[in-house]
Amino acid sequence: WALLPERSVNSTRLRRAAIAGALASQAQTLSVGISELILTNANKSALPFSTFIAALTPGFSESQKAALLFADDFTAFLFKDNRGGWPGYIATLKSGFAAEDLRAWFSGLEKSPLNNFFLVNPGTFTPFKDGVVNNKYADRYAPATTPGASLSYLVLPQQNKVIISSSFDGLKEALRLMGM
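Predicted, not measured: the structure shown is a model, and the values here were computed from it.

What counts, and where the lines are drawn
Residues numbered from 1 in each chain as written. Predicted model: local features only at pLDDT ≥ 70, side-chain atom pairs only at ≥ 80, totals over all residues. Heavy atoms only, no water. Helix = DSSP H or I, 4+ residues; strand = E, 2+ residues; numbered from the N terminus. Rg over C-alpha atoms; globule rule 2.2 N^0.38 Å. Contact = heavy atoms within 4.5 Å. Areas by Shrake-Rupley, 256 points an atom, 1.4 Å probe, with all protein chains shown as cover. Lys, Arg positive; Asp, Glu negative; His and termini not counted. Charge placed at Lys NZ, Arg CZ, Asp CG, Glu CD. Buried < 20%, exposed > 50% of the residue type's maximum accessible area, 1.4 Å probe, protein only. pLDDT = per-residue confidence, 0-100. Pairing = 2+ DSSP bridges. Phe/Tyr/Trp six-rings, centres within 6.5 Å; stacked < 30°, edge-to-face > 60°. Expected span 1.5 Å × (residues − 1). Arc of directions from axis to C-beta.

Trainee: What is the right way to read the overall build of the chain from this model?
Mentor: The helix and strand inventory of the chain stands at 5 helices and 8 strands. When the helices and strands of the chain are read in sequence order from the N terminus, they spell out β-α-β-α-α-β-β-α-β-β-β-β-α. For the chain, whose C-alpha radius of gyration is 15 Å, the value lies close to the compact-globule estimate of 16 Å for 180 residues. For the chain, the C-alpha atoms occupy an extent of roughly 40 × 35 × 30 Å along the three principal directions. In the chain, the share of contacts with a sequence separation of at least 24, taken over all contacts with a separation of at least 6, comes to 59%. Just so you have it, the chain exposes about 8500 Å², and 51% of that area is on carbon and sulfur atoms. Taking the average location of the 17 positive side-chain charges in the chain and that of its 13 negative ones, the two points are 5 Å from each other.

Trainee: Whenever I open this one, unusual backbone geometry confuses me. Can you help?
Mentor: The general pattern is negative phi for most residues beyond glycine and trans for most peptide bonds. Unusually for a residue other than glycine, Asn135 sits at a positive phi of about 55°. With respect to the secondary-structure elements, Asn135 resides in the loop between β5 (129-133) and β6 (137-143). Here the phi dihedral of Asn160 falls at roughly 55°; this positive angle occurs in a residue that is not glycine. Looking at the element boundaries, Asn160 is found in the loop between β7 (150-156) and β8 (161-165). Judged by its relative accessible area of 32%, Asn160 falls in the partly exposed class.

Trainee: What is the right way to look at the confidence of the model for the chain in this model?
Mentor: Any residue range with low pLDDT should be treated as having predicted coordinates unsuitable for detailed reading. For the chain, per-residue confidence averages 86 on the pLDDT scale, and 91% of positions sit at 70 or higher. In this model, residues 1-8 is a region of pLDDT below 50 whose contacts with residues beyond four sequence positions or in other chains number 27 contacts.

Trainee: It is not clear to me how the pairing of β6 should be interpreted in this structure. Could you clarify?
Mentor: Each regular strand shows side chains that alternate between the opposite faces of the sheet. Bridge count between β5 and β6: 5 bridges; the pairing is antiparallel. Paired with Val132 across the two strands is Ala138, which belongs to β6. When β6 meets β7, the two strands line up antiparallel, connected through 5 bridges. Along β7, the bridge assignment pairs Arg140 with Tyr153. What sits between the antiparallel neighbours β6 and β7 is a turn of 6 residues, in which Gly148 has the positive phi angle 95°.

Trainee: Where do I start with the packing of aromatic side chains in this structure?
Mentor: For any two aromatic rings, the description comes down to two numbers: the centre-to-centre distance and the angle of the planes. Tallied over the entire structure, the rule returns 10 aromatic pairs. Between Trp105 and Phe106 the ring centres are 5.1 Å apart and the planes differ by 85°, which places this aromatic pair in the edge-to-face class. The pair Trp105 / Phe106 is uniform in exposure class, with both members buried. Centroid distance Phe106 to Tyr153: 4.0 Å. Interplanar angle 5°. Geometry classified as stacked. With Phe106 in helix α4 (residues 99-111) and Tyr153 in strand β7, this residue pair connects regions lying 47 residues apart in the sequence. Chaining the aromatic ring pairs together yields one cluster made of Phe49, Phe52, Phe70, Phe74, Tyr89, Trp105, Phe106, Phe128 and Tyr153.

Trainee: Is there a simple way to explain α4 in this structure?
Mentor: Residues separated by three or four positions in an α-helix point in the same direction, a consequence of the helix having 3.6 residues per turn. End to end, α4 covers 19 Å across 13 residues, agreeing with the expected 18 Å (1.5 Å per residue, within 8%). For α4, every residue scored as buried is listed here: Leu102, Trp105, Phe106, Gly108 and Leu109. One side of α4 holds all its buried residues, which, seen down the axis, span an arc of 155°. With respect to the buried face of α4, the exposed residues turned more than 90 degrees away are Glu100, Arg103 and Lys111.

In structure tokens:
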């Protein structure tokens, strides 16, 4: 699947602030809708998901396990609506991953500083809840007090994909573009 327009985001210093700055810069130039972002390092090489998630979430204790669970290649997207720009990520699970390791990874994610996933201050989060997207896909989400802000994730085991999104509407749009 493809999200258009595709934009390249280069970060020479892979830190959370540099990632947020690059994403915020792209959000200003994009129109309403969803766009794929190509995240590269200073050498214009694609960033591995494990490297990216560790830089994005420095307080996330399970981030080092990402290399065991996820393939290097991932899709970053930015969903833009009248409330702002909302990043999201689609990662591919490695074959043979341990389900208990994935559960532990997400359990750690839920306890990490969730504001790292947002371009604006999301406000205060409620505890994570179980939900269903499109009456079909189980997800976990934590709404925040800023309108539109909600960290959601879901696992699509048949497709070996995981989606993490800072917007419920962005999550639904990513699923639609995946043909789901």
